[in-house]
Amino acid sequence: MSTIQRIVAPLNRDWRFGGAYVPGSEQPAFDDAAFDRVTLPHANVRLPWHGFDESAFQFESIYRRQITLPETLRGRRVFVQFDGIMTATRTFLNGEAIGSYDGGYLPSLFELTEHLRWGESNTLAAVVDSRELPHIPPFGGRIDYLTFGGIYREARLLVVPTVSISNAFVKPVAVLDPGQRRVDVQVTLDAGSDFAARSRAVGVRLLDPDGRQVGTASAPLTVAAAGRAEVRLTVAPSPDVRLWDLDAPQLYTAAVTLAEDGQPIDEYRTRLGFREARFTPDGFFLNGRRIKLRGLNRHQTYPYVGGAMPARVQRRDAVILKRELKLNIVRTSHYPQSTAFLDACDELGLLVLEEIPGWQHIGDDEWQQLACRDVREMIERDWNHPSIVLWGVRINESPDNHAFYEQTNRIAHQLDDSRQTGGVRNRYGSERLEDVFTFNEFLDPSSDIRPPNHPHYLVTEFGGHMYPTKPWDGVERVQQHVLWHARMHAQLASHDGYAGGIGWCAFDYNTHADFGSGDRVCYHGVSDIFRIGKPAAALYRSQCDPAEEIVLEPTFPWAMGDCAAGGPGLGMILSNVERLKLYVGDRLVDEVLPDRGDLGYLPHAPFFTQALQASWGQRLQDLRIEGYIGERLVATRRFAARATDAHLLVEPDDRVLHADGSDATRVVFRVVDADGNRRPFSTVAVVLEVDGPGESIGDRLLSLSGGVGAVWIRSTEQAGTIAVTATTEHLGSQSVTIRTTPVEPEPY
């Protein structure tokens with residue numbers, strides 16, 4: 001029989017949301033019968049995907065939930081943890097204030113123990129202020145992204161013994177030397193005010209993915225006073241543990257236990273990976289191997305609901321970045337992001353630069369202290385993720401502030417001496433307190449970028465706002481967007497002194513009225529706001545090894561025909577093959593090799609041809625492109641000269657969801673021609689119907705942009721089958737089904 005007293009229970013269902021806060025609505029006697037029943041994650045308002053008023057979500061709101069804990073749990077400590085509330089919260093239990101938290105990106109933890117009525121219903125209430133409050137990072141100046149509002153991440157109830165484990169830093173050391181390899185474990189314990197003097201010990205077991213033990217250690221513990229205490233242990237792992245790497249991201253589990261009088265009463269589990277990651281003057285090295293970093297920045301927000309998407313959707317972004325765009329690093333611009341996203345990065349082998357909240361502005365002393373708190377809490381939350389290789393401890397693109405940044409770097413180094421720090425700036429002459437010179441390089445990439453005259457040089461933004469591109473833009477602009485990314489990565493590949501580059505950015509995102517294109521969207525991404533790739537996304541995809549995937553993507557629609565005289569027109573094709581053959585009709589018009597000029601530094605440079613321009617008068621014949629590796633034909637693409645909107649494709653990311661009221665998956669709509677090629681100027685109107693235990697997060701009537709669009713389908717709490725039907729006037733209807741599986745009810 002287990003003696004473990006820790007209970008971690010989800011607290012996401014059965015919330016009541018009252019919209020705008022009314023004084024007194026946090027009190028138990030307040031009648032919330034008219035409140036909406038909602039499930040977390042939750043946005044305080046749903047919005048169109050563009051063209052809305054950003055003040056719509058900036059208000060105070062009220063959330064309430066009833067919780068009942070049985071008498072059998074009396075004697076333990078009880079906490080509620082919110083993973084993310086935007087922007088500030090005041091929390092109440094049975095009308096009594098139990099704490100507040102200023103900040104939207106890191107967890108807030110509140111103890112309920114002293115105010116609980118055991119065996120009875122208790123009213124838990126959160127008053128949420130979603131305004132852009134100037135004393136809280138990132139606010140106080142102008143920021144080019146929206147933060148939205150609500151309890152937009154998950155929540156949970158923690159029930160623990162009086163003395164419990166609150167955190168554990170599990171740090172692999174000397175991982176490349178099996179004879180010296182070890183794991184240093186720092187266990188943080190938290191003792192309540194009522195505890196007995198007993199014999200206690202802390203133990204650590206390292207477990208492989210099959211649950212087999214590969215290392216263990218233990219140490220006695222003396223708890224003499226209430227509050228926090230630390231215990232340090234060293235584990236010598238089995239010599240045959242495997243390294244965490246990009247292509248083989250091996251993960252282990254550390255099971256940390258607290259025992260009293262020989263019986264384990266608490267267990268805290270966290271994952272870890274054995275890897276060495278270092279930025280050096282000769283580039284970035286992972287496990288002793290030089291890796292040229294190729295990545296993009298990610299905003300965590302989505303159309304309609306901002307950040308309020310569940311774990312499955314957050315994880316999907318990591319899948320898109322790693323498996324579809326073939327990246328090896330992502331930057332969490334400009335704030336700590338969902339742990340579900342970071343977990344997926346661990347599992348997929350996607351490196352992460354994680355940074356504190358902020359954009360250009362540095363506030364007063366109170367603001368700076370909150371930013372220092374953010375450094376501490378970000379690192380203490382995420383220090384066991386092997387995917388994270390760099391802590392961003394400077395406010396993005398901010399001016400120098402010696403005392404402030406000396407403190408942020410000191411905090412990071414004291415908490416975690418296994419990772420380097422970076423400070424993202426766009427001023428080359430700024431003070432360099434961080435370990436890695438992380439720089440936003442906003443030059444026209446047709447110009448030479450600055451030489452790597454500072455050790456540990458990583459470009460963390462380029463392009464983006466300097467060349468925003470919509471999916472429906474003309475050929476010349478689309479191709480210049482591709483070239484912007486291609487030229488920068490080629491220059492970064494040309495010298496080992498550059499660690500690599502992280503482009504701006506992965507996905508289009510919502511912004512304020514005075515940024516972006518005036519419709520509350522920054523069209524800076526290589527993919528649109530629905531995570532659907534533009535042609536620039538194919539550049540990143542084409543950099544993968546052809547053994548992983550053959551990529552062959554022209555940057556033009558053959559059936560379009562519009563092209564500026566003398567422009568790049570129909571000339572650029574993105575692929576990772578060795579040679580292309582191009583046929584107009586049945587006539588071979590060109591055989592081309594990848595660019596051997598400046599773009600030749602890329603693993604797979606684009607192909608350019610003039611033959612299609614020369615064949616302009618024959619464009620009413622079909623185009624066929626063949627890709628070869630050696631003499632072997634490995635890919636063929638066909639493009640009709642008289643292509644029309646032929647089919648509507650409806651493609652869900654997932655076919656099975658949990659019936660918990662929050663699980664969701666994206667459903668993508670694409671208009672394609674008879675050969676399956678996207679029609680970039682299609683604006684087909686789609687009427688969406690959802691039947692069964694689900695709802696649409698998105699518009700019921702969609703006008704596709706660039707021939708594509710998407711909604712997310714969210715489960716209810718009923719198991720069954722969701723039917724999603726998309727109907728168009730001329731392309732007919734298409735349907736898909738998504739099954740929802742039952743889940744256990746939340747216990748409290």
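Our structure is the block above this text.
Note that the coordinates shown come from a computational prediction; the quantities given were computed from them, not determined experimentally. (Residues numbered from 1 in each chain as written. Predicted model: local features only at pLDDT ≥ 70, side-chain atom pairs only at ≥ 80, totals over all residues. Heavy atoms only, no water.)

**Student:** Explanation requested: the sheet that holds strand β45 (residues 720-728) in the structure shown.
**Tutor:** By definition, the strands of a sheet pair up through backbone hydrogen bonds, in either a parallel or an antiparallel sense. The mixed open sheet is built from five strands, whose spatial order is β39-β46-β45-β41-β43. Whereas interior strands pair on both sides, the edge strands pair on one side only; in this sheet they are β39 (656-658) and β43 (701-703). The average undirected angle you get between the axes of adjacent strands in this sheet is 30°. The sheet contact formed by strand β41 (residues 685-691) and β43 spans three bridges and is antiparallel. Looking at the pairing, V687 lines up with L701 of β43. (Pairing = 2+ DSSP bridges. Helix = DSSP H or I, 4+ residues; strand = E, 2+ residues; numbered from the N terminus. Axes fitted to C-alpha atoms, helices over the stretch in contact; angles between N-to-C directions.)

**Student:** Hey, could you run me through the packing of aromatic side chains in this one?
**Tutor:** The relative placement of two aromatic rings is captured by the distance of their centres and the angle of their planes. Per the counting criterion, the structure on display carries 23 aromatic pairs. Between F52 and F148, the ring centres sit 6.4 Å apart and the planes meet at 50°, which makes this aromatic pair tilted. Here F52 is found in the loop between β3 (36-38) and β4 (60-68), whereas its partner F148 is found in the loop between β9 (121-129) and β10 (155-160), with 96 residues between them in sequence. Take F148: its relative accessible area is 5%, and that puts it in the buried class. Ring pairing ties together the aromatic residues W49, Y302, Y304, F530 and W712, which thus form one cluster. (Phe/Tyr/Trp six-rings, centres within 6.5 Å; stacked < 30°, edge-to-face > 60°. Buried < 20%, exposed > 50% of the residue type's maximum accessible area, 1.4 Å probe, protein only.)

**Student:** Just to check I follow, could you spell out the packing of helix α1 (residues 311-324) against helix α2 (residues 339-348) for this structure?
**Tutor:** Following both chains from N to C, one finds α1 and α2 inclined at 40°, their axes separated by 8 Å at the closest point. With respect to their mutual orientation, α1 and α2 come out oblique. Judged by the twist between their axes, the crossing of α1 over α2 is right-handed. On α2, the residues touching A311, Q314, R315, D317, A318, V319, L321, K322 and R323 of α1 are A340, F341, D343, A344, C345, E347 and L348. Looking at the contact of α1 with α2 residue by residue, the classes come out as nine nonpolar, one polar and six charged. (Parallel < 35°, antiparallel > 145°, perpendicular 65-115°, else oblique. Left-handed = near helix turned anticlockwise from the far one by under 90°. Contact = heavy atoms within 4.5 Å. Nonpolar A, V, L, I, M, F, W, Y, C, P; charged D, E, K, R; others polar.)

**Student:** I'm lost on the nonpolar core in this one. Help?
**Tutor:** For soluble globular proteins, nonpolar side chains are generally found buried alongside one another. Ranked by size, the top nonpolar core spans 92 residues in total, and within it L69, L112, L157, L321 and L325 carry the most contacts. With seven residues, helix α5 (residues 475-493) is the single largest residue contributor to this core. In terms of nonpolar packing, the next biggest core, distinct from the first, is built from 51 residues, C505, I529, W712 and L731 among them. (Core = buried A, V, L, I, M, F, W, Y, C linked by side-chain atoms within 4.5 Å.)

**Student:** Before we go on, may I ask you to explain the side chain of E461 in this structure?
**Tutor:** If you trace the backbone, E461 turns up in strand β27 (residues 457-461). Assessed through its relative accessible area of 4%, E461 is described here as buried. A polar contact of 3.0 Å, which involves the side chain of E461, links it to the side chain of R331. Discounting residues that sit within four places of it in the chain, E461 has contacts with N297, R331, H334, N396, E397, F439, N440, E441, F442, I502 and W504. (Polar contact = N/O pair within 3.5 Å; in protein donor to acceptor, adjacent residues only side chain to side chain.)

**Student:** Explain the environment of L207 to me, please; I cannot follow it from the model alone.
**Tutor:** Counting through the fold element by element, L207 comes out in strand β13 (residues 200-207). A relative accessible area of 6% means that L207 is categorised as buried. Considered as a pair, L207 and A254 are 47 residues apart in the sequence and their alpha carbons are 6.3 Å apart. For L207, the residues in contact, after removing those within four places along its chain, are R212, Q213, V214, Y252, T253, A255 and R269.

**Student:** How should I be thinking about the pattern of salt bridges in this particular structure?
**Tutor:** Once their charged atoms are close, side chains differing in charge can pair, the charge on each being opposite to the other. The final tally for this structure, using the stated rule, is 56 salt bridges. Close ionic contact of E549 with R541 constitutes a salt bridge, the shortest N to O distance being 2.8 Å. Its relative accessible area of 18% is what places R541 among the buried residues. One salt bridge connects E626 with R624, and the closest N-O pair in it is separated by 3.2 Å. One network of salt bridges, with partners in common, ties together K326, R541, E548, E549, E553 and R637. (Salt bridge = Lys/Arg side-chain N within 4 Å of Asp/Glu carboxyl O.)

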